[in-house]
Amino acid sequence: MKRRRNFKISTKNKSYQIEDSPLYKLKSKKKLYNLLKSNSQSINELLVDDGNYAVFNQIMGSKSRLIEHPSERLDLIHTRIASLLCRIKTPDYLHSGLKGRSHVTNAKAHIGNVPVLTTDVKSFFPSTSQRKVFDFFYSILECSPDVSDVLAKLCTFDGHIPTGSRISMPLAFWANICMFEELNSLSNKHSIKMTVYVDDITFSGTDVNFLFKNVAKKSFLGMVI
């Protein structure tokens, strides 16, 4: 039995502004295929293949989590796109998916601040739709419509970001960047510290109260706290 290759996200120690990403203002599908180290035939095969994912339930204690894991061919493409996304500089409030940052640094950022409000985005990956992914590539990265469409279809499963891919965490953040930025702006306005760790959002400061929580909820743009 052939052993499956284990791909890894590689940033090559690169960190740049979003405008310097090779994905930024990408207008040609041919250039996209070259950037993904692939070709039109291989990409088109992935776009029409219904067997790109292995779907199964992962048991974790008393809980069961649905995993949508890409095939090896698609995993390679996802890893390449994830590597490119992970080279884009992220806001200081993000503590997941970054070297030197973790759930520990996320918690330490709130030491000494009271009160503290911790919440999460319900079904973060399944709630991040293919439309949101398309909008990220089209509106934020300013790719052409056809390039954005190919990327959105490559990066989603059954109309949403998959739960078991290397692309899931970085893409879910960027696809929801407007929501996070709105929440951070609201927090700064009230001198509140906000951090994000995957789908967990933590706020701390003297102005954290029920009124703040209700106002923050309205910033979730179709997502659910």
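The structure this text deals with has already been given above.
This brings us to the packing of aromatic side chains. By the definition in use, this model includes ten aromatic pairs. Joined through ring pairs, the aromatic side chains of Tyr93, Phe124, Phe125, Phe136, Phe137, Phe173, Trp174 and Phe180 make up one cluster.

Moving on: the side chain of threonine 128. Along the chain, threonine 128 turns up in the loop between helix H5 (124–127) and helix H6 (130–140). Residue threonine 128 is classed as buried on the basis of its relative accessible area, which comes to 0%. A polar contact of 2.8 Å, which involves the side chain of threonine 128, links it to the backbone oxygen of phenylalanine 124.

Attention shifts here to the packing of helix H9 (residues 177–189) against helix H10 (residues 210–217). Packing of H9 against H10 brings their axes to within 10 Å, and their N-to-C directions diverge by 155°. The angle between H9 and H10 falls in the class roughly antiparallel. Between H9 and H10 lies a crossing whose hand is right-handed. In this structure, H9 contributes Leu183, Leu186 and Ser187 to the contact, and H10 contributes Phe212, Val215 and Ala216. The residue makeup of the contact of H9 with H10, split by class, is five nonpolar, one polar and no charged.

Across the five residues of strand S5 (residues 200–204), four count as buried, placing the element largely inside the fold. Here strand S3 (residues 116–120) pairs with S5 via five bridges, running antiparallel. Among the inter-strand pairings, leucine 117 is bridged to a residue of S5, identified as phenylalanine 203. Pairing between strand S4 (residues 193–197) and S5: five bridges, direction antiparallel.

On the basis of which strands lie adjacent, the open sheet formed by three strands has the order S3-S5-S4 and antiparallel pairing. The sheet is open, and its two edges are formed by S3 and S4, each paired on a single side. Neighbour-to-neighbour, the strand axes of this sheet turn through a mean angle of 15°, independent of strand direction. On top of the sheet, H9 reaches S4 and S5; it is set at about 155° to S4, its chief contact.

Glancing now at H9. The end-to-end C-alpha distance of H9 is 18 Å, a good match for the 18 Å that 13 residues give at a rise of 1.5 Å each. Residues Ile177, Met179, Phe180, Leu183, Asn184, Leu186 and Ser187 constitute the buried set of H9. Tucked into the core, H9 has its buried residues touching H5, H6, helix H8 (168–175), S4, S5 and H10. Just downstream of H9 lies serine 191, where phi reads positive at about 55°.

We now examine the pattern of salt bridges. In this structure the tally under the stated criterion is six salt bridges. The salt bridge partner of lysine 153 is aspartate 149, with a shortest N-O separation of 3.1 Å. Of this pair, lysine 153 and aspartate 149 both sit in helix H7 (residues 145–154), separated by four residues, roughly a single helical turn.

Let us look at the environment of leucine 35. Considering the arrangement of structural elements, one finds leucine 35 in helix H1 (residues 29–35). Those residues within four positions of leucine 35 in sequence are excluded, and the remaining contacts are Pro22, Leu23, Leu26, Arg80 and Leu84.

Turning next to unusual backbone geometry. The linkage connecting valine 114 with the following residue, proline 115, adopts the cis geometry, with an omega of -10°. Within the element layout of this structure, proline 115 appears in the loop between helix H4 (103–108) and S3. Unlike most non-glycine residues, serine 191 shows phi in positive territory, near 55°. On the secondary structure map, serine 191 appears in the loop between H9 and S4.

Turning to the state of the cysteines, a few remarks are in order. Applying the stated rule across the entire model yields zero disulfides. With no disulfide partner, cysteine 86 has as its closest neighbouring cysteine sulfur the one in cysteine 155, 12 Å distant. Owing to a relative accessible area of 25%, cysteine 86 belongs among the partly exposed residues under this scheme. Unpaired in this structure, cysteine 155 has its nearest cysteine sulfur neighbour in cysteine 143, at a distance of 11 Å.

Thresholds applied
- Residues numbered from 1 in each chain as written.
- Predicted model: local features only at pLDDT ≥ 70, side-chain atom pairs only at ≥ 80, totals over all residues.
- Heavy atoms only, no water.
- Phe/Tyr/Trp six-rings, centres within 6.5 Å; stacked < 30°, edge-to-face > 60°.
- Helix = DSSP H or I, 4+ residues; strand = E, 2+ residues; numbered from the N terminus.
- Buried < 20%, exposed > 50% of the residue type's maximum accessible area, 1.4 Å probe, protein only.
- Polar contact = N/O pair within 3.5 Å; in protein donor to acceptor, adjacent residues only side chain to side chain.
- Axes fitted to C-alpha atoms, helices over the stretch in contact; angles between N-to-C directions.
- Parallel < 35°, antiparallel > 145°, perpendicular 65-115°, else oblique.
- Left-handed = near helix turned anticlockwise from the far one by under 90°.
- Contact = heavy atoms within 4.5 Å.
- Nonpolar A, V, L, I, M, F, W, Y, C, P; charged D, E, K, R; others polar.
- Pairing = 2+ DSSP bridges.
- Expected span 1.5 Å × (residues − 1).
- Salt bridge = Lys/Arg side-chain N within 4 Å of Asp/Glu carboxyl O.
- Disulfide = S-S within 2.5 Å.

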